[in-house]
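# Structural characterization, general
What follows is the residue order along each chain.
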Amino acid sequence: MGVALTDCSSLSKDFIKQPTSALPAISDTPSARYIGVELAQHPGQSGFRLLTKSSNALMSRIAIIDQARHSIDMQYYIFKNDATGRLVAQHVLAAADRGVRVRMLLDAMDLTNEDRMLGALDAHPSIQVRLFNPFRTRAPSTPSKIRQFIVEGRRLNRRMHNKSLVVDGTVAIIGGRNIGNDYFDASDETNFRDVDLIAIGPVVQQASHSFDAYWNCDAAYPVRAFREAHDTQDDLAKLRVALAQGR
């Protein structure tokens, strides 16, 4: 699902942004109970497992998203509208459909055909999407980016490279991988060699606090802050069809 956009929607200065915080860690799911047993054997400690294989890194994300019952907080520099990005989006959407609160915070530097996918997801009542330090126009062209960098280079040069996924306040995946084919050995052209880890214990709360700090900061803009660019339930319905058809 890729739609070419022109620089026709400008960033509003009077948008409403409600501050929110991570939900408390839960204990009422099978995975949370399992984690609780493990942590009880190591009081005050955190547990980690390296995700060195790209396929394991992708499927671990899908697995914890599928197990989510209360909250999903996602923070990435890159979230591509390609096969792996759409796979993650499809499972995030399924989680939102069963009532999970989803917050997605993404850097806005290189959003192109991702823009409409993210806007459609934001139309779901359980999903909020915010963009870190966006350009003044939605999905700007390259000449527009250059013009805006000339005027606001100091602001636009501040990017968000954080990468984390926190589910139900009990488990997190943190590390070097963004969301996209070339981070999971799924690209026909270039694949990166990154590593991340899955974590439980007190470190998960620290990851949540970091997410909240970015989510509520002045540089994080709701995707709906762009004038005349609010996606609708029709856009969400079209996205559902596109994700189901793998395009």
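Conventions adopted
Residues numbered from 1 in each chain as written. Predicted model: local features only at pLDDT ≥ 70, side-chain atom pairs only at ≥ 80, totals over all residues. Heavy atoms only, no water. Helix = DSSP H or I, 4+ residues; strand = E, 2+ residues; numbered from the N terminus. Rg over C-alpha atoms; globule rule 2.2 N^0.38 Å. Buried < 20%, exposed > 50% of the residue type's maximum accessible area, 1.4 Å probe, protein only. Contact = heavy atoms within 4.5 Å. Salt bridge = Lys/Arg side-chain N within 4 Å of Asp/Glu carboxyl O. Axes fitted to C-alpha atoms, helices over the stretch in contact; angles between N-to-C directions. Left-handed = near helix turned anticlockwise from the far one by under 90°. Nonpolar A, V, L, I, M, F, W, Y, C, P; charged D, E, K, R; others polar. Right-handed = clockwise from strand over helix to strand, strands pointing away. Pairing = 2+ DSSP bridges.

Along its length, the protein carries 7 helices and 8 strands. In terms of overall dimensions, the protein is globule-like: its C-alpha atoms have a radius of gyration of 18 Å, near the 18 Å expected for 247 residues. For the protein, the C-alpha atoms occupy an extent of roughly 55 × 40 × 35 Å along the three principal directions. Residue burial in the protein is summarised as follows: out of 247 residues, 49% are buried. Within the protein, residue pairs in contact and separated by at least 24 positions form 81% of the contacts whose partners lie at least 6 positions apart.

Our next topic: the pattern of salt bridges. With the rule as written, the count across this model stands at 12 salt bridges. Two residues, D182 and K80, come together in a salt bridge whose shortest N-O distance is 2.8 Å. Taken together, the residues span a long stretch of sequence, with D182 in the loop between β6 (171-175) and β7 (196-200) and K80 in the loop between β2 (71-76) and α3 (83-97) at a distance of 102 residues. Accessibility expressed as a relative area gives 11% for D182, which makes it buried.

Each pair of packed helices gets described by two things: the angle between the helix axes and the distance between those axes. In the contact formed by helix α4 (residues 114-122) and helix α7 (residues 233-244), the axes pass within 8 Å of each other and the chain directions differ by 115 degrees. Our pair here, α4 against α7, has a crossing hand that is left-handed. Every residue of α7 that contacts α4 at M117, A120 and L121 is listed here: D235, L236 and L239. Partitioning the contact of α4 with α7 into residue classes produces 5 nonpolar, no polar and 1 charged.

Turning next to the environment of A220. In this fold, A220 is placed in strand β8 (residues 220-222). Note on A220: relative accessible area 0%, which makes it buried. Sequence separation of A220 and H209 is 11 residues, and the distance between their C-alpha atoms is 15 Å. Look past the residues within four positions of A220 in its chain and what remains in contact with it is K17, L105, R130, L131, F132, Y214 and W215.

The next thing to look at is the pairing of strand β3 (residues 101-107). The element β3 is extensively covered by neighbouring structure, given that 7 of its 7 residues are classed as buried. Alternating positions in β3 separate into two faces, R101, R103, L105 and D107 on one and V102, M104 and L106 on the other, with burial throughout. For the crossover from β2 across α3 to β3, the handedness is right-handed. Both β3 and strand β4 (residues 127-132) contribute to a ladder of 6 bridges, which runs parallel. Each bridged residue has a counterpart across the sheet, and for V102 the counterpart in β4 is I127.

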